[in-house]
Amino acid sequence: MNKNTAIQNTMNRRAFGFLLSSSLLFARQGAGQASQSSERDGYSWKATSRGIQIAYVTGFTDAAAWAQGNVDGQLAVLKSLSPKDRKVLTETKKVWDYGNIYYAQLVDGMSDFYADNLNKAIKWDRALSYVRDCIHGEPKDFLETELNVERKIATQN
C-alpha cells in the first residue's frame with residue numbers, strides 16, 4: 001500500500017467515525033425531544049434540558065446580532081435617508097440588542113419568567129425579548145405594558 005492510499009484510508013476511517021458519532025448524537029437528541037411538546041412555550045421550557053435551553057438562547061442571540069448588523073449595513077448604504085427615517089431605523093436596532101448579557105442569565109431569566117403560570121402560554125422568542133428588557137433595566141411601566149401585551153398575544157393564538 002502506498003503512502004497516499006494509507007492517508008486516504010485514515011481519512012475515510014476518521015470521517016466514518018465522525019459521521020457515526022454525529023448520527024448517534026443527533027438520534028439521541030431527537031429521541032429526547034420527541035416526547036416534548038412541539039410548542040415553544042412555558043410548558044415545554046420546563047421539560048427541555050438546560051443544554052437545549054442554552055443552545056436555543058445562543059442561536060437566537062446570534063441571529064439577533066446578525067440582524068442588528070444588517071441594520072448597521074442598511075444605514076451605511078442608505079445615505080439618502082432623511083434624519084427622521086435614519087433615527088427610526090436606528091431605533092429598530094434595540095429589538096436585536098442582546099449585548100452584554102450572559103447566555104446563562106437569559107436561560108435563568110426564562111426559567112424565572114415561566115415560573116409565573118400567567119406566562120406559560122407565551123412563546124420562547126417573545127419571552128426572551130421580555131427577559132432581555134428586564135436585564136437591560138427598562139422602566140417598570142414599560143415592562144408591565146410589554147408583559148400585558150405578550151399575555152394577550154399568547155391567549156389569541
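Treat the numbers as computed from the prediction; the structure is a model and nothing was measured.

Regarding the nonpolar core
Now for step 1: Trp45, Val57, Leu106, Met110, Phe113, Tyr114 and Leu128 are the most contacted members of the largest nonpolar core, which has 20 residues in total.
Now for step 2: Taken together, the elements giving at least two residues each to this core come down to helix H3 (50-77), helix H5 (103-114), helix H6 (124-135) and helix H7 (140-156).
Now for step 3: Apart from the residues within four sequence positions on either side, Met110 is in contact with Trp45, Trp124, Ala127, Leu128 and Val131.

Details of the packing of aromatic side chains
Now for step 1: The tally for this structure, following the rule as stated, stands at 7 aromatic pairs.
Now for step 2: With centroids separated by 6.4 Å and ring planes inclined at 45°, the aromatic side chains of Trp45 and Tyr114 adopt a geometry described as tilted. Of this pair, Trp45 sits in helix H2 (residues 42-47) while Tyr114 sits in helix H5, and the two are 69 residues apart along the sequence. With respect to class, Trp45 is no different from Tyr114; both count as buried.

Overview of the confidence of the model for the protein
Now for step 1: Per-residue pLDDT for the protein has a mean of 79; in total, 75% of the residues score no lower than 70.
Now for step 2: The least confident element of the protein is helix H1 (residues 3-34), whose mean pLDDT is 44; the most confident is H5, at 98.

A closer look at the packing of H5 against H6
Now for step 1: Remark: H5 packs on H6, axes separated minimally by 9 Å, with the N-to-C direction vectors making an angle of 110°. Taken together, the axis directions place H5 and H6 in an arrangement best described as roughly perpendicular. Side by side, H5 and H6 meet where Gln105, Leu106, Gly109, Met110, Phe113 and Tyr114 of the first sit next to Trp124, Ala127, Leu128, Tyr130, Val131, Arg132 and Ile135 of the second.
Now for step 2: When the residues that make up the contact of H5 with H6 are grouped by side-chain class, the tally is 10 nonpolar, 2 polar and 1 charged.

Focus on H5
Now for step 1: End to end, H5 covers 17 Å across 12 residues, agreeing with the expected 16 Å (1.5 Å per residue, within 8%).
Now for step 2: Elements that come into contact with the buried residues of H5 comprise H2, H3, H6 and H7.

Describing the pattern of salt bridges
Now for step 1: Taken as a whole, this structure holds 5 salt bridges when the rule is applied.
Now for step 2: With its nearest N and O atoms 3.2 Å apart, the salt bridge here joins Asp116 to Arg151. Highlighted residues: Asp116 in the loop between H5 and H6 and Arg151 in helix H7, separated in sequence by 35 residues.
Now for step 3: For Arg126, the salt bridge is made with Glu150, and the minimal N-O distance between the two is 2.5 Å. Here the residue Arg126 occupies a position in helix H6, and Glu150 occupies one in helix H7, the gap between them amounting to 24 residues.

Conventions we followed
- Residues numbered from 1 in each chain as written.
- Predicted model: local features only at pLDDT ≥ 70, side-chain atom pairs only at ≥ 80, totals over all residues.
- Heavy atoms only, no water.
- Core = buried A, V, L, I, M, F, W, Y, C linked by side-chain atoms within 4.5 Å.
- Buried < 20%, exposed > 50% of the residue type's maximum accessible area, 1.4 Å probe, protein only.
- Helix = DSSP H or I, 4+ residues; strand = E, 2+ residues; numbered from the N terminus.
- Contact = heavy atoms within 4.5 Å.
- Phe/Tyr/Trp six-rings, centres within 6.5 Å; stacked < 30°, edge-to-face > 60°.
- pLDDT = per-residue confidence, 0-100.
- Axes fitted to C-alpha atoms, helices over the stretch in contact; angles between N-to-C directions.
- Parallel < 35°, antiparallel > 145°, perpendicular 65-115°, else oblique.
- Nonpolar A, V, L, I, M, F, W, Y, C, P; charged D, E, K, R; others polar.
- Expected span 1.5 Å × (residues − 1).
- Salt bridge = Lys/Arg side-chain N within 4 Å of Asp/Glu carboxyl O.

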